[in-house]
Every structure is written in structure tokens, then in C-alpha cells.
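# Architecture and fold: a report
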Amino acid sequence: MIVVMHRGASAPEIDAVCQRLSNAGFTLHLSQGVERTIIGAVGEKSRATVSGLEALPGVEKVVPILQPYKLAGRDFHQEDTVVNLGNVAIGGNQCQVFAGPCAVESWEQLLEAALVVKESGANILRGGAFKPRSSPYSFQGLEEQGLKLLAKAREATGLKIVTEVLDAANIERIGYYSDILQVGARNMQNFYLLRELAKVDRPVLLKRGMAATVEEWLMAAEYLVSGGNDRVILCERGIRTFETATRNTLDLSAIPVVKQLSHLPVIVDPSHATGKWQLVGPLARAAIAAGADGVMIEVHPHPAMALCDGPQSLTPQNFTALMAELRAVARVMGKQL
Ligand code: PEP
Ligand code: MN
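All residue numbers refer to positions counted from 1 along the written sequence of the respective chain. Both sets of labels track the order of writing: A upward for chains, 1 upward for ligands. Residue-level local features of this predicted model are given only where pLDDT is at least 70; pairs of side-chain atoms are given and counted only at 80 or more, and the full residue set underlies all totals for whole chains, interfaces and linings. The basis for the side-chain values is all heavy atoms of the structure; hydrogens and waters are excluded.

This part is about the packing of helix 10 (residues 277–289) against helix 11 (residues 316–332). Axis definition: a line fit to C-alpha positions, over the contact stretch in the case of helices; interaxial angles, taken between N-to-C directions, run 0 to 180 degrees. For helices the rule is a DSSP run of H or I covering at least 4 residues; for strands it is a run of E covering at least 2, with both sets numbered from the N terminus onward. Their axes nearest at 9 Å, the elements helix 10 and helix 11 cross at an angle of 20 degrees. Classified by the angle their axes make, helix 10 and helix 11 are roughly parallel. When the axes of helix 10 and helix 11 are compared, the crossing they make is right-handed. On helix 11, the residues that touch W277, V280, G281, A284, R285, I288 and A289 of helix 10 are N318, L322, E325, L326, V329 and A330. Gly falls in the polar group here, along with every residue not listed as nonpolar (Ala, Val, Leu, Ile, Met, Phe, Trp, Tyr, Cys, Pro) or charged (Asp, Glu, Lys, Arg). Grouping the constituent residues of the contact of helix 10 with helix 11 by class yields nine nonpolar, two polar and two charged. Orientation is classified from the angle alone, with under 35 degrees giving roughly parallel, over 145 giving roughly antiparallel, 65 to 115 giving roughly perpendicular, and any other angle giving oblique. Definitions for this section: a left-handed crossing has its near helix turned counterclockwise from the far helix by less than a right angle. A right-handed crossing has that turn clockwise. Contacts are assigned to residue pairs with any non-hydrogen atoms lying within 4.5 Å of each other.

Dropping the structure here:
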């Protein structure tokens, strides 16, 4: 880290900072200009050391050089992480499509969606059994029954299953019926839930919180990796901005930014990002072109009848057409889909 001293900081103030740093085991490099002194400190920093430093007299600011997300970041892990799930690889030169209804509603609905997902060549079926709804009066999901239907769809199609976990008490049950555990945007900073998911032998799909910075998102991933679960897939799903023309604002720039900062695979959910099925195709294509490792798309056999998120759900026909387009974009990016 670099400690920038105030203009005119006194020699005893500079000495006190140096003393504190060398006591904490840092190697120091002092740069004493005419107006100010800058102290370069090399070593393992702890939060306590840094926050304490900022309170010392004469210190203007402390600038960390390395990222705080040590295990999720690229500083100490250069190669891309590939999350392997049997014969399905997420990351690397593969592009994966996670698709299916917002919520599991019935066996007929789920099977119809699953068959379309399978026939179009996608490998992962999504579907919520526990739904985090803004209104307590909205459909909350079929819960255990929904999980059983997801497992039945897996058996019928061979697709992998991703579904959302809302609370720690249900992790084991949901892990039993599914392959990937999803943490929704509303729970990205539920640190207790993250700590529990870190102990589980299942990949975690970690959605970006609707008002989370990239750093906060990667620190949430750090909870999982540092707790023992390095099979983390990040998912950009749009953030809250002043714009009301779309449900959220898809932060496409987050893809190359996160790719630079982290070795973890990143996918994009254009369905929740836009809230409108007409916008899903253009943004899914853009996501792959921007370097995403895959996309998550809501598909419903009859969007007009959907109990949840019908307006952003693709029909089977539109989804099948989109898959062909995504395959072409992936090819341009040197990836397989
Ligand atoms: C979902 O994918 O079902 C969902 C609720 O998305 P988000 O957490 O991104 O709102
Ligand atoms: Mn949804």
C-alpha cells in the first residue's frame, strides 16, 4: 500500500507512521519530496492496520495497491477458473446458456420448457421453487414440490439444474434436488447465507446485488471462496439506476471489468436486467460479445400465462432462434456454445 502524508506533515508524524508500519512487518520505501512524503509499504496488510493508519496525525490517505478480494481476484490467481459440473464446463472456452421459466409452476409447464431448452442445445435448466417476490401477495413458488419437479426434469432430460436458495435452512434440501445453488440479487450481501454456502459441495451462482458495486460483488464472492467453495459463477443481472425504460440497467461494462479483476466465470441475465422479452436477444448477444461466459434466459411455454415474469420471458420459438444467434456470436469470440 501507499501512505500519502499531508503537505507539511512533521518529521515526528512521518516517523510514527513508519514505526507503526515496520512494527506490523511491512518493508518501507520512503519518497520524500519538497512538499510531501509518500511511504510505500510492502507486506500483508490487515484492515485494522489500514484503518488505524488513516487516523494517525499527518496522514492524508492510504491507497491499497492489491485488491481486497485476495482469492476471488486475479492478483494471486491469473488463470481463468472453469467450474466443472460433470460434462458441463462453465468458463474457459465454453459459453453456457442457463434457461427456463422464472418459477416452476407445474410439471407440464416445466417439462415443456425443459424440452425446448434441451432441444436447442442448452445444458442448464433454471426454475425458481422459492421465489423472492416484492409483494407478499404474489406467487411465492411451489417450494418442495417445485424442487421435486426440477429433479424430475433433470431425470427426463439430463439437463443440469440451477435454482435459488433464499435461506441457509434450506441449503441441504435444495442441494439434494439441484446442481447449482443460486444466490439472488436480494441476497448477495446476506453474509450468513454466503458463509453457509461456502461449506457446500455445489457450485454457487452469485447474482450481483441491484445496488452493489463491482467491489462489493467480488467481496461477496470472496466470502464463498475464502470459506472453502471456489466453484463460484458470477451473474450480472442489471443494477438500479435513474432509468425507468427498462426494469434495471444492464451493466455490460461490468463484464470486461470483472474479467480483468477476477478469474471467476461471469454470465449475464438479460431477462431480469431488462424486464422486456424484446430486449433479451440484443443484450444476450451483446453479453457474449463483451466476453461473458454464458447467459441466463427466462423461457416460458406460454408467457402470457406465467405466474411470474411473463413480460420478460421468451417463447420457445424465440428462444430457439436466439440460441442460433448466440452460437454465431460465441464462434466469433472463439468459444463454443
Ligand atoms: C431469478 O433469477 O429468479 C431472480 C429472482 O433474479 P434476481 O435475483 O436477479 O432478481
Ligand atoms: Mn424471474
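Alright, that's what it looks like, and here's the rest.
As a further point, take the site of ligand 1. In the vicinity of ligand 1, the contacting residues are R126, K131, E164, Q182, G184, A185, R186, K207, R237 and H272. Here an oxygen atom of ligand 1 sits 2.7 Å away from a polar atom, N or O, in the side chain of R126. Taking R186, its side chain carries an N or O atom lying 2.9 Å from an oxygen atom of ligand 1. Working definition of accessibility: Shrake-Rupley area with a 1.4 Å probe, residue cover restricted to the visible protein chains. Burial of ligand 1 by the surrounding chains reaches 97%, relative to a free accessible area of 290 Å². For each residue, the test is whether any non-hydrogen atom lies within 4 Å of the molecule or strand; if one does, the residue is near. What qualifies as a polar contact is a pair of N or O atoms within 3.5 Å, subject to a donor-acceptor requirement within protein and to the restriction that residues adjacent in sequence count only when both atoms come from side chains.

So, on to the coordination of the manganese ion (ligand 2). Each metal's donors are the N, O and S atoms within 2.8 Å of it, or within 3.2 Å when it is Na, K or Ca, and because water is not part of the set, sites may look incomplete. The protein atoms donating to the manganese ion (ligand 2) are C102 (SG), H272 (NE2), E298 (OE) and D309 (OD), with metal-donor distances spanning 2.0 to 2.3 Å. Mapped onto the sequence, the residues coordinating the manganese ion (ligand 2) show the spacing C-x169-H-x25-E-x10-D. Of this pair, H272 sits in helix 9 (residues 270–274) while D309 is found in the loop between strand 14 (294–298) and helix 11, placing the two residues 37 residues apart along the sequence. Relative accessible area serves as the criterion here: at 16%, D309 is assigned to the buried category. To sort residues, take the accessible area from a 1.4 Å probe on protein chains only and compare it with the maximum for the residue type: under 20% means buried, over 50% means exposed, and anything in between is partly exposed.

Let us look at a nonpolar patch on the surface. Patches were defined on residues exceeding 30% relative accessible area and lacking a salt bridge, with like-charge contacts within 9 Å and nonpolar side-chain contacts (Val, Leu, Ile, Met, Phe, Trp, Tyr) within 5 Å. A side-chain nitrogen of Lys or Arg and a carboxyl oxygen of Asp or Glu constitute a salt bridge if their distance falls within 4 Å. On the surface, I65, L66 and F76 cluster together into a nonpolar patch covering about 320 Å² of accessible area. Relative to the elements of secondary structure, I65 occurs in the loop between strand 4 (59–63) and strand 5 (83–85).

Before going further, it helps to examine the pairing of strand 7 (residues 96–100). Looking along a regular strand, one sees side chains alternate from face to face of the sheet. Counting buried positions along strand 7 gives five out of five residues, so the element sits mostly inside the fold. The side-chain alternation of strand 7 yields two buried faces, one formed by Q96, F98 and G100 and the other by V97 and A99. Bridge count for strand 7 against strand 14 is five bridges, and the pairing is parallel. Looking at the pairing, F98 lines up with M296 of strand 14. When DSSP locates at least two bridges between a pair of strands, those strands are taken to pair. Two elements, strand 7 and strand 8 (residues 124–126), share two bridges in a ladder whose sense is parallel. Residue F98 lies in a different strand from strand 8, and its bridge partner there is I124. Whether a crossover is right-handed depends on one test, that the path from the first strand over the helix to the second runs clockwise when the strands point away from the viewer. A crossover connection joins strand 7 to the parallel strand 8 through helix 3 (residues 107–119); in handedness this β-α-β unit is right-handed.

Strands sit in the order 2-3-1-4 across an open sheet of four strands; the sheet is antiparallel. Each edge of the open sheet carries a strand with a single partner, namely strand 2 (27–32) and strand 4. On average, each strand axis in the sheet is tilted by 15 degrees relative to the strand beside it, whichever way the strands run. Where strand 1 (residues 2–5) and strand 4 come together, four bridges link them in antiparallel fashion.

Any two cysteine sulfur atoms lying within 2.5 Å of each other are counted as a disulfide. Under the counting rule described, the total for this entry stands at zero disulfides. Cysteine C308 remains unbridged, with the sulfur of C102 as its closest cysteine sulfur at 3.0 Å. Residue C308 is classed as buried on the basis of its relative accessible area of 4%.

Fair warning: the whole summary comes from geometry, so function is off the table for now.
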